[in-house]
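# Analysis of the macromolecular model
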Amino acid sequence: GAVQPSTGALADRYGALKIMVVGGALYALGLVGMAISTDALNFSLAGGLLIGLAQTATTYSVVYGILGRNVPAEKRVWAMGIAAAAGSFGQFLMIPVEQGLLSSFGANDALLMLALMASLMIPIAFMLREPNVSNLQQTSDQTIKQALKEAIGNPSFRLLTLGYFVCGFQVVFIAVHLAPYLKDLSSVYPDVGAPVVATSALALIGLFNIFGTYSAGILGQRFPKKYLLSGIYLGRSVAIIGFLILPLSPMTTYIFAAIMGYLWLSTIPLTNGIVAQIFGVKYLTMLSGLVFFSHQLGSFCGAFFG
């Protein structure tokens, strides 16, 4: 999260190709490092530092910068919704795949196989084309420092950043603590203690996330994005309260996962669409990265304080 704005600024300045190639290499190296680590420190450095750096160069902020510069404004949020839906499909697909790899080959070999998969991002990055980057840098004389000052001084940007903190807190809190929560309560509700319940719930989140992010992209082109974001955050709160007060069972867990999945990453195309709408696309990757830093701070708090 801390490095994301800097990576975004580099992508805005030099184009996403070089950034994503480096990110793909770091991602693969991080997974290999996790596989060969023999102590907790090296494992944490590989999985936390290397993959953390890799994600700043391969995930939504960089991808949305490309889309923002190459897709017409009237289709921008829709395109971002498609990209988020593709990422959501990856989450849905990879959870059972990873579980199967772990069961069949063990953790080390599974991580090495995942490293091979992650390395596919490198050749895919060469398919990216950003013909407008150099021209875009000449369309205005605003510097990075001026763009940052304008954004930080804008009340809407600060509120958007605060909202993204809440988003990160909620999704990582659930992703990290749902399975232990179900296990802790299995003495009272035995049916929810089976590992398949937590795994299925996370897969359902990924499945419904596909539909939620795509729907957000479509609705964001037709309705004010700020109202859609407010509705998403309110809907999450209602779902969480309902999950806590209703009797716990596999079915209520699956229903909760489906609702949260629909609202899971639907904030992303809307948030980035608002950033592009207010500030333009010249420094979209950097400004999206700055907002995303707040999301990652929330994610840290959701994991740690939980």
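Further up the page is the structure itself.
Computed from a prediction, not measured in an experiment: that's the story for all the values here.

### Side note on the nonpolar core
- Ranked by size, the top nonpolar core spans 51 residues in total, and within it Y64, L182 and L287 carry the most contacts.
- When residues in this core are grouped by element, the largest group, eight residues, is from helix α10 (residues 155-184).
- Not counting the four nearest positions on each side in its chain, L287 is found in contact with A147, L148, A151, F157, V275 and F279.
- Ranked by size, the runner-up nonpolar core spans 11 residues in total, among them L31, I51, A110 and L114.

### A look at helix α11 (residues 195-220)
- Along its 26 residues, α11 runs 37 Å from first to last C-alpha, staying within 8% of the 38 Å computed at 1.5 Å per residue.
- Helix geometry: α11 is bent most strongly at N209, by close to 30 degrees.

### Considerations on the pattern of salt bridges
- This structure, assessed with the given rule, holds one salt bridge.
- Residue D12 is joined to R69 by a salt bridge in which the shortest nitrogen-to-oxygen separation is 2.7 Å. Of this pair, D12 sits in helix α1 (residues 4-14) while R69 sits in helix α4 (residues 60-70), placing them 57 residues apart in sequence. Just as D12 is buried, R69 falls in that class too.

### Regarding the packing of helix α14 (residues 267-279) against helix α15 (residues 284-305)
- Close contact between α14 and α15 brings their axes to 10 Å; oriented N to C, the two are set at 130 degrees. Taken together, the axis directions place α14 and α15 in an arrangement best described as oblique. Relative to α15, α14 is oriented so that their crossing is right-handed. Contact residues: α14 offers T271, N272, V275, A276 and F279, while α15 offers L284, L287, S288 and V291.
- Partitioned by chemical class, the residues of the contact of α14 with α15 number six nonpolar, three polar and no charged.

### Side note on the state of the cysteines
- Using the criterion set out here, one finds zero disulfides in the structure.
- Cysteine C167 is unpaired, with the sulfur of C301 as its nearest cysteine sulfur at 14 Å.
- You can call C167 buried: its relative accessible area is 0%.
- Exposure remark for C301: the relative accessible area of 15% places this residue in the buried category.

### Remarks on a nonpolar patch on the surface
- A contiguous nonpolar patch, built from F89, L93, V97 and M117 and spanning about 320 Å² of accessible area, is present on the exposed surface.
- When residues of the nonpolar patch are assigned to their parent elements, the largest contribution, three residues, is made by helix α5 (residues 76-105).
- Its relative accessible area of 30% is what places V97 among the partly exposed residues.

### Focus on the side chain of Q170
- Turning to its location among the elements, Q170 is positioned in helix α10.
- What makes Q170 buried here is its relative accessible area of 11%.

Rules of the game
Residues numbered from 1 in each chain as written. Predicted model: local features only at pLDDT ≥ 70, side-chain atom pairs only at ≥ 80, totals over all residues. Heavy atoms only, no water. Core = buried A, V, L, I, M, F, W, Y, C linked by side-chain atoms within 4.5 Å. Buried < 20%, exposed > 50% of the residue type's maximum accessible area, 1.4 Å probe, protein only. Helix = DSSP H or I, 4+ residues; strand = E, 2+ residues; numbered from the N terminus. Contact = heavy atoms within 4.5 Å. Expected span 1.5 Å × (residues − 1). Bend = angle between axes of the 7 residues up to and from the residue. Salt bridge = Lys/Arg side-chain N within 4 Å of Asp/Glu carboxyl O. Axes fitted to C-alpha atoms, helices over the stretch in contact; angles between N-to-C directions. Parallel < 35°, antiparallel > 145°, perpendicular 65-115°, else oblique. Left-handed = near helix turned anticlockwise from the far one by under 90°. Nonpolar A, V, L, I, M, F, W, Y, C, P; charged D, E, K, R; others polar. Disulfide = S-S within 2.5 Å. Patch = residues over 30% accessible without salt bridge, like charges linked within 9 Å, V, L, I, M, F, W, Y side chains within 5 Å. Areas by Shrake-Rupley, 256 points an atom, 1.4 Å probe, with all protein chains shown as cover.

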